[in-house]
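# Geometric and topological summary
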Amino acid sequence: MVTLAEVAKHAGVSASTVSYVLSGKRSISTPTRERVEQAISELGYHPNAGARALAGKRSHIIALVVPLRTDVYVPIMMEIAISVTVAARSFGYDVLLITNDEGPEGLRRVAASGLADGVILMDVELDDARIPVLRETGTHAALIGLPADTTGLACVDHDFAGAGALCAEHLADLGHQDIAFIGYAPAVYQRHAGYAERTLSGFRERAAERGLRVLHRPCEGSYESTAGALSRILADRPDTTGFVVQNEGAIGPLLSLLRTSGRVVPEDASVVALCPDPLAEQYSPRLTAVTGPANELGRQAVALVMNRLEGEPTAEVSLLTPVLTPRESSGPAPAR
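Because the structure is predicted, anything quoted here is derived from the model rather than measured.

## Thoughts on the packing of aromatic side chains
Inspection of the entire model under this criterion finds three aromatic pairs. The interplanar angle of 50 degrees and the centroid separation of 6.2 Å between the aromatic rings of Phe160 and Tyr195 together place this pair among those described as tilted. Taken together, the residues span a long stretch of sequence, with Phe160 in helix α8 (residues 160–173) and Tyr195 in helix α10 (residues 194–209) at a distance of 35 residues. Residue classification places Phe160 among the buried residues on the basis of a relative accessible area of 16%. On the basis of relative accessible area, Tyr195 is assigned to the buried category, the value being 14%. Between Tyr184 and Tyr195, the ring centres sit 5.6 Å apart and the planes meet at 90 degrees, which makes this aromatic pair edge-to-face. One end of the pair, Tyr184, is in the loop between β6 (178–182) and α9 (186–190); the other, Tyr195, is in helix α10, with eleven residues separating them in the sequence. Through pairs of rings, three or more aromatic residues link up here, namely Phe160, Tyr184 and Tyr195.

This is the structure we're talking about:
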């Protein structure tokens, strides 16, 4: 990325002269200004946030990097995006949407051009390739999600490890001993999506503490893939009576497949889902579910960016407490 100093050297002027040309704060002779402008053009220099600061200006825009994937639950992503937009407006900011398919280069472009004063990243992976760019460019940013290393970052997320633990605890309290975890598609775990891996880790840790026997089966979320996952579960552990589902697409197929296999919910099999309350309420039986406020993620992320812009200290990690709401899909384990 071309720097202001490199432009100054190329034009044969001081860095302050380049700044004055960019900001218009001082009158610069026509030949000098044209020489600086030519250097900017030849080097492909983009005035960044630092140049805006020198001009005493901000863009009053926050860039929101949204996931563009088939394996994400769109309603939740939209709820977060809307929450970010509403919260940003309360600070007098607008939101620029950027898709995560641009990867690190998308962030470099935003940082180099000064399009936005700050950035909010969604769909954070444990070893997210975008984070080194944030550190390198000094971009004011907030993450909705947790990478493996949060040092120096401002992150907010649901406590997914705690959510997984709640699921295991609930089924253990009901007397279930064999529990299956139906998760997201294999690609989600292959790219080390933090929300998926942390939920599974929290579930497994609490299950081990409670002496449960558990299986994890990834699932694409279609009827066919859910049927395959359930078939493998019952072939490996025919005594399975508890199911935890972290895949919105698999919930309906699982309930249907259990019903057609002669397993009544919750008398023969209990189901706990990690999903929003409105989704849990629409099924029959209504689902016992672990939820968290998606809109709060957006509000807190915007607040973190604003704090960073003002130079105020921020906590590196803020986790929202999950809530388990018992409904009709979970009950005591059947007698053996």
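Moving on from the model shown.
## Side note on empty space enclosed by the protein
The method is simple in principle: a probe with the dimensions of a water molecule rolls over the atoms, and the space it marks as empty is what remains. In this structure the tally under the stated criterion is one cavity of 30 Å³ or more. Every residue lining the largest cavity is listed: Val65, Ile98, Thr99, Asn100, Glu102, Gly103, Gly106, Leu107 and Arg130. For the lining of the largest cavity, the secondary-structure elements that each account for two or more residues are β2 (94–99) and α6 (103–113). Among the residues forming the lining of the largest cavity, the class breakdown is three nonpolar, four polar and two charged.

## A few points about the sheet that holds strand β11 (residues 317–320)
Reading across the sheet, the six strands line up as β2-β1-β3-β4-β5-β11 and stay open at both edges, with parallel pairing between neighbours. For this open sheet the edge positions go to β2 and β11, each flanked by a neighbour on one side alone. If you compare each strand with its neighbour and ignore which way they point, the axes differ by 20 degrees on average. Against the sheet, helix α5 (residues 74–90) contacts β1 (61–66), β2, β3 (118–121) and β4 (141–144), and its axis sits at roughly 150 degrees relative to β2. Along the sheet, helix α14 (residues 294–309) contacts β1, β3, β4, β5 (155–158) and β11; its crossing angle with β5, the most-contacted strand, is approximately 170 degrees.

## A word on the layout of surface pockets
Space inside the largest pocket adds up to approximately 620 Å³. Along its surface, the largest pocket is lined by 34 residues, and Ile76, His158, Phe160, Glu248 and Leu297 are the ones closest to its centre. Every element with two or more residues in the lining of the largest pocket is listed here: α5, β5, α8, α13 (277–281), β10 (288–291) and α14. Take the lining of the largest pocket: its biggest share by element is four residues, from α5. Residues of the lining of the largest pocket, tallied by class, amount to 21 nonpolar, six polar and seven charged.

## Considering the nonpolar core
Grouped together as the largest cluster of nonpolar side chains are 25 residues, with contacts concentrated most on Phe243, Ile251, Leu254, Leu258, Val271 and Leu287. At the level of secondary structure, the elements contributing two or more residues to this core comprise β6, α11 (223–236), β8 (242–245), α12 (248–260), β9 (270–274) and α13. Among the elements that make up this core, the one with the highest residue count is α12 (six residues).

## Some remarks on the pattern of salt bridges
Under the defined criterion, the tally for this structure stands at 21 salt bridges. With its nearest N and O atoms 4.0 Å apart, the salt bridge here joins Arg135 to Asp149. You can see Arg135 sitting in helix α7 (residues 131–137) and its partner Asp149 sitting in the loop between β4 and β5, a full 14 residues away along the chain. In this structure Arg135 comes out as partly exposed when scored by relative accessible area, which is 39%. Taking relative accessible area as the criterion, Asp149 reaches 42% and is therefore assigned partly exposed.

Conventions used here
Residues numbered from 1 in each chain as written. Predicted model: local features only at pLDDT ≥ 70, side-chain atom pairs only at ≥ 80, totals over all residues. Heavy atoms only, no water. Phe/Tyr/Trp six-rings, centres within 6.5 Å; stacked < 30°, edge-to-face > 60°. Helix = DSSP H or I, 4+ residues; strand = E, 2+ residues; numbered from the N terminus. Buried < 20%, exposed > 50% of the residue type's maximum accessible area, 1.4 Å probe, protein only. 1 Å grid on protein atoms, 1.4 Å probe; cavity = no way out; pocket = protein on both sides within 12 Å on 5 of 7 lines; lining within 4 Å. Points joined across faces, edges and corners; volume = space filled by probe spheres on them. Nonpolar A, V, L, I, M, F, W, Y, C, P; charged D, E, K, R; others polar. Pairing = 2+ DSSP bridges. Axes fitted to C-alpha atoms, helices over the stretch in contact; angles between N-to-C directions. Contact = heavy atoms within 4.5 Å. Core = buried A, V, L, I, M, F, W, Y, C linked by side-chain atoms within 4.5 Å. Salt bridge = Lys/Arg side-chain N within 4 Å of Asp/Glu carboxyl O.

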